[in-house]
Amino acid sequence: MFQTLAGFRDFYPDDCAFRNFIFERFRQSATTFGFEEYDAPILESMELFTAKSGEEIVSQLFSFEDKGGRPVAMRPEMTPSLARMVGARASTLKRPIKWFSISEMFRYERPQKGRLRSFYQFNADIFGNESSYADAEIILLGIHMLRSFGLTVEDFSVRLSDRQLWTLFIRSHNIGEDDVPEVLRIIDKIEREELSKTLESLNKICKSNGQKIFDDLLEIRTIHSVNDIRAFFKKIENDAFARRIDELAQLLARIKAFGVSDFVTIDFSIVRGLAYYTGFVFEIFERSGQSRALAGGGRYDDLIKRLGYADLPAVGFAIGDVALGNLLKGRNIVPKLSKNIHCFVVYSTQTETLALRQATILREQKINTDYCLDQATFSKQLKMAAQVNAKYAIIFGEEEAKTGHVKVKDMSSTSEIVVEIDRLVEAIYR
Ligand code: HAM
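Right, let's walk through the structure included here. The numbering scheme is per chain: residues are counted from 1 as the chain's sequence reads. With pLDDT at 70 or above as the cut-off, local features in this predicted model cover only qualifying residues; side-chain atom pairs require 80 or more to be listed or tallied, and sums for whole chains, interfaces and linings still use all residues. By convention in this description, side-chain values take in all heavy atoms of the structure and omit both hydrogens and water.

### Points about the overall build of the protein
Where helices and strands are cited, they refer to DSSP runs of H or I of at least four residues and of E of at least two residues respectively, numbered from the N terminus. Within the protein, the regular secondary structure consists of 17 helices and 16 strands. Rg of the C-alpha trace for the protein: 28 Å, well past the compact-globule value of 22 Å for 430 residues, more than 25% over. For the C-alpha atoms alone, the extent of the protein along its principal axes is close to 95 × 55 × 45 Å. The buried label goes to any residue with under 20% of its type's maximum accessible area, the exposed label to any with over 50%, and the partly exposed label to all in between, with areas taken from a 1.4 Å probe on protein chains only. Residue burial in the protein is summarised as follows: out of 430 residues, 49% are buried. Long-range pairs, those at least 24 residues apart, make up 66% of the contacts in the protein between residues at least 6 apart in sequence. The protein chains shown are the only cover counted for residues, whose accessible areas, like all others here, come from Shrake-Rupley with a 1.4 Å probe. For the protein, the computed accessible surface area is about 21700 Å², with 49% contributed by carbon and sulfur atoms. Separation of charge centres in the protein, based on 58 positive and 60 negative side chains, amounts to 1 Å. With the radius of gyration taken over C-alpha atoms, the globule rule is written as 2.2 Å times the number of residues to the power 0.38. What makes two residues a contact is simply this: any of their non-hydrogen atoms within 4.5 Å. The charged-residue count follows a simple rule in which Lys and Arg add positive charge and Asp and Glu add negative charge, with His and chain termini not counted at all. Every charge is mapped to an atom, namely NZ of Lys, CZ of Arg, CG of Asp or CD of Glu.

### Digging into the side chain of Ser-118
Here Ser-118 shows up in strand β6 (residues 118–127). Counting of polar contacts relies on pairs of N or O atoms within 3.5 Å, with two restrictions inside protein: one atom must be capable of donating a hydrogen and the other of accepting it, and residues adjacent in sequence are counted only when both atoms are side-chain atoms. For Ser-118, the side chain forms a polar contact with the side chain of Glu-104, separated by 2.7 Å. Discounting residues that sit within four places of it in the chain, Ser-118 has contacts with Gly-7, Phe-8, Arg-9, Glu-104, Met-105 and Phe-106.

### Regarding the packing of helix α1 (residues 13–32) against helix α13 (residues 321–330)
Note on geometry: axes are C-alpha line fits, over the in-contact stretch for helices, and angles between N-to-C directions span 0 to 180 degrees. Running from amino to carboxyl end, α1 crosses α13 at an angle of 105°, the nearest separation of the two axes being 11 Å. Accordingly, the angle class assigned to the pair α1 and α13 is roughly perpendicular. Counting all contacts with α1, which are made through Phe-18, Phe-21, Ile-22 and Phe-26, the residues of α13 involved are Asp-321, Leu-324, Gly-325, Leu-328 and Lys-329. Of the residues assigned to the contact of α1 with α13, the class counts are six nonpolar, one polar and two charged. For classification purposes, angles smaller than 35 degrees are called roughly parallel, those larger than 145 roughly antiparallel, those between 65 and 115 roughly perpendicular, and all remaining angles oblique. Classes in brief: Ala, Val, Leu, Ile, Met, Phe, Trp, Tyr, Cys and Pro nonpolar; Asp, Glu, Lys and Arg charged; the others, Gly included, polar.

### Brief notes about the site of the ligand
One heavy atom within 4 Å of a molecule or strand is enough for the residue carrying it to be called near that molecule or strand. Neighbouring the ligand are 26 residues; Glu-77, Thr-79, Leu-116, Asp-125 and Tyr-277 lie closest to it. Between the ligand and Tyr-276, the relevant distance is 2.9 Å, taken from a nitrogen atom to a side-chain nitrogen or oxygen of the residue. Contact distances for the ligand include 2.8 Å between an oxygen atom and a backbone N or O atom of Leu-294. When the ligand is considered free in solution it has 650 Å² of accessible area, and contact with the protein chains removes 96% of it. Elements with a contribution of two residues or more to the shell around the ligand: β6, β10 (295–299) and β11 (314–320).

### Quick notes on the sheet that holds strand β13 (residues 369–371)
Here the rule is simple: two strands pair whenever DSSP picks up at least two bridges between them. Spatially, five strands are ordered β13-β12-β14-β15-β16 in an open sheet, and the strand pairing comes out mixed. The sheet is open, and its two borders are formed by β13 and β16 (416–420), each paired with just one other strand. Mean inter-strand twist for the sheet, computed between neighbouring axes without regard to direction, equals 30°. The sheet contact formed by strand β12 (residues 343–346) and β13 spans three bridges and is parallel. Of the residues in β13, the one forming a bridge with Val-345 is Tyr-371. Along the sheet face, helix α14 (residues 352–364) touches β12 and β13 and points at about 155° away from the line of β13.

### Some remarks on the packing of helix α10 (residues 226–234) against helix α11 (residues 239–257)
It is at 10 Å that the axes of α10 and α11 come closest, and there the two elements cross at 175°. Relative to α11, α10 is oriented roughly antiparallel. Each of Val-226, Ile-229, Arg-230 and Phe-233 in α10 lies in contact with α11, whose residues at this interface are Phe-241, Ala-242, Ile-245, Asp-246, Leu-248, Ala-249 and Leu-252. When the residues that make up the contact of α10 with α11 are grouped by side-chain class, the tally is nine nonpolar, no polar and two charged.

### Brief notes about the sheet that holds strand β2 (residues 43–45)
A sheet is described by the order of its strands in space; here three strands give the open sequence β2-β4-β3, paired in antiparallel fashion. Single-partner strands in this sheet number two, and they are β2 and β3 (62–65). Ignoring which end each strand starts from, the neighbouring axes of this sheet average 35° apart. Where β3 meets strand β4 (residues 71–74), four bridges bridge the pair, whose relative direction is antiparallel. Counterpart to Glu-65 in the pairing with β4 is Pro-71.

### Things to note about helix α5 (residues 132–148)
Look at α5: 24 Å from first C-alpha to last across 17 residues, which is about the 24 Å you get at 1.5 Å a residue. Burial runs high along α5: 13 of the 17 residues are buried. A positive backbone phi angle near 95° is found at Gly-150, which sits one or two residues after α5. For a helix, the expected span equals 1.5 Å multiplied by the residue count minus one.

### Things to note about the environment of Pro-41
Along the polypeptide, Pro-41 turns up in the loop between β1 (36–37) and β2. Residue class for Pro-41 comes out partly exposed when judged on its relative accessible area of 42%. Separated by 33 residues in sequence, Pro-41 and Met-74 have C-alpha atoms that sit 8.8 Å apart. Non-local contacts of Pro-41, meaning those with residues more than four positions away in its chain, are made with Arg-75 and Arg-84.

### What to know about the nonpolar core
The term nonpolar core refers to a set of buried residues drawn from Ala, Val, Leu, Ile, Met, Phe, Trp, Tyr and Cys, joined through side-chain atoms within 4.5 Å. Judged by nonpolar contacts, the single largest core of 77 residues is most densely connected at Phe-26, Phe-122 and Phe-317. With nine residues, α5 is the single largest residue contributor to this core. Those residues in contact with Phe-26 that sit more than four places away from it in its chain are Ile-102, Phe-122, Met-145, Phe-149, Ile-319 and Leu-324. Judged by nonpolar contacts, the second largest core, of 27 residues, contains Ile-57, Ala-90, Ile-97 and Tyr-277.

### Concerning the packing of aromatic side chains
Aromatic pairing here means that ring centres of Phe, Tyr or Trp (its six-membered ring) are within 6.5 Å. Orientation follows from the plane angle: under 30 degrees is stacked, over 60 is edge-to-face, and everything else is tilted. Per the stated rule, a full pass over the model turns up 24 aromatic pairs. Taken together, a centroid distance of 5.8 Å and an interplanar angle of 85° make the contact between Phe-8 and Phe-62 edge-to-face. Separated by 54 residues along the polypeptide, Phe-8 in the segment before α1 and Phe-62 in strand β3 bring together distant segments of the chain. A residue is classified by how much of its surface remains accessible, and Phe-8, at 23% relative accessible area, is partly exposed. Aromatic pair Trp-166 and Phe-169: ring centres 5.5 Å apart, planes at 80°, arrangement edge-to-face. Within this pair, Trp-166 and its partner Phe-169 are both found in helix α6 (residues 163–171), separated by three residues, close to a single helical turn. We note that Trp-166, like Phe-169, is buried.

Rendered as structure tokens:
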């Protein structure tokens, strides 16, 4: 017997209906916000990710050599491919470029609640705008999208942080530029690791400053307001901090102006595992804090340039289907996703030709129509109509058929009307 590989899923029709429901809401929110859809190959040159995604994702790559001996990888994320696509046409694309995609990703992670090895991601990114309007727009879209599923401020929160502030902090402790990414990585891991391990790693890389950085780190993680972060960094005489905190305050003011500030909290424990972020970063979590992040993103102004293209600022986020799906099911807010059959045609041997011709006419008019594939009694056919959740049973009885009529039974009530066959479509759309 064969089973799916660990962390991969079969999608039975019910699962597909649920997936489509999620995708439709994703797509609807993105188009409402003026984003256009794109796609890219699932298989990419491995170097695209080894060079651009950061150590953690690279260790999770599904990679192999193709028949021509080229190292290739199944995409673990969309951002490097997207940056390549936008970079290649940067001079001709109208700005701001607002694009979204819904696509399958692959990461060799330990399968656990909310994390699999194959999953879908919705990505939305804006290129060509460096103001915090673009950061706000991305955060707003994330909030709008989750709300479109019926989730509320009780269910989730956006934890907002800033890579630039962290970078300034690290530099202010005389850490060499080359070591900044490693310190960011240590900070990123702090919630998932023993504190003693964090201190050990910091001591290794920051030498005598390790303990000081560690103590500051613990304090910064508890700060949740602009005023407190301003007060904290006052001790470090550096204008760059003050300017950056003003920018953070401006972003928060924009979010407030859109009326969604209840959804957003400052949380400097968010650093993001991916290497390319350069500015504000955020993750969206279930309020209960139970599961892994629902979504994550931020600003990455250097990536396109580092791929060898133009200097194009960028900000975006991605949300996966796994943790979100668990949350929606747990909250019991998934609508009934039944087969959407409008008409179920019921016939006898005598009326079969007429009925099935009519079924074809309905289908040609894009009306979802089904019928029983075997000869069966009327009551059995009506049972099937109920099973597939048909809205109407169109009953071709012999008596009615003689005068060019048909019975239309509303399956949600006991009401039944007799109409002329020629007026059937009119009757079911009254
Ligand atoms: P990420 O934080 O790696 O960001 O992934 C974003 C979301 O994808 C996660 O919050 C989670 O919902 C989902 N996800 C990630 N890994 C898994 C997994 N193994 N199983 C199930 N779901 C998963 C990125 O990928 C960035 N490229 C996002 C971005 C777009 N930044 C800018 N633009």
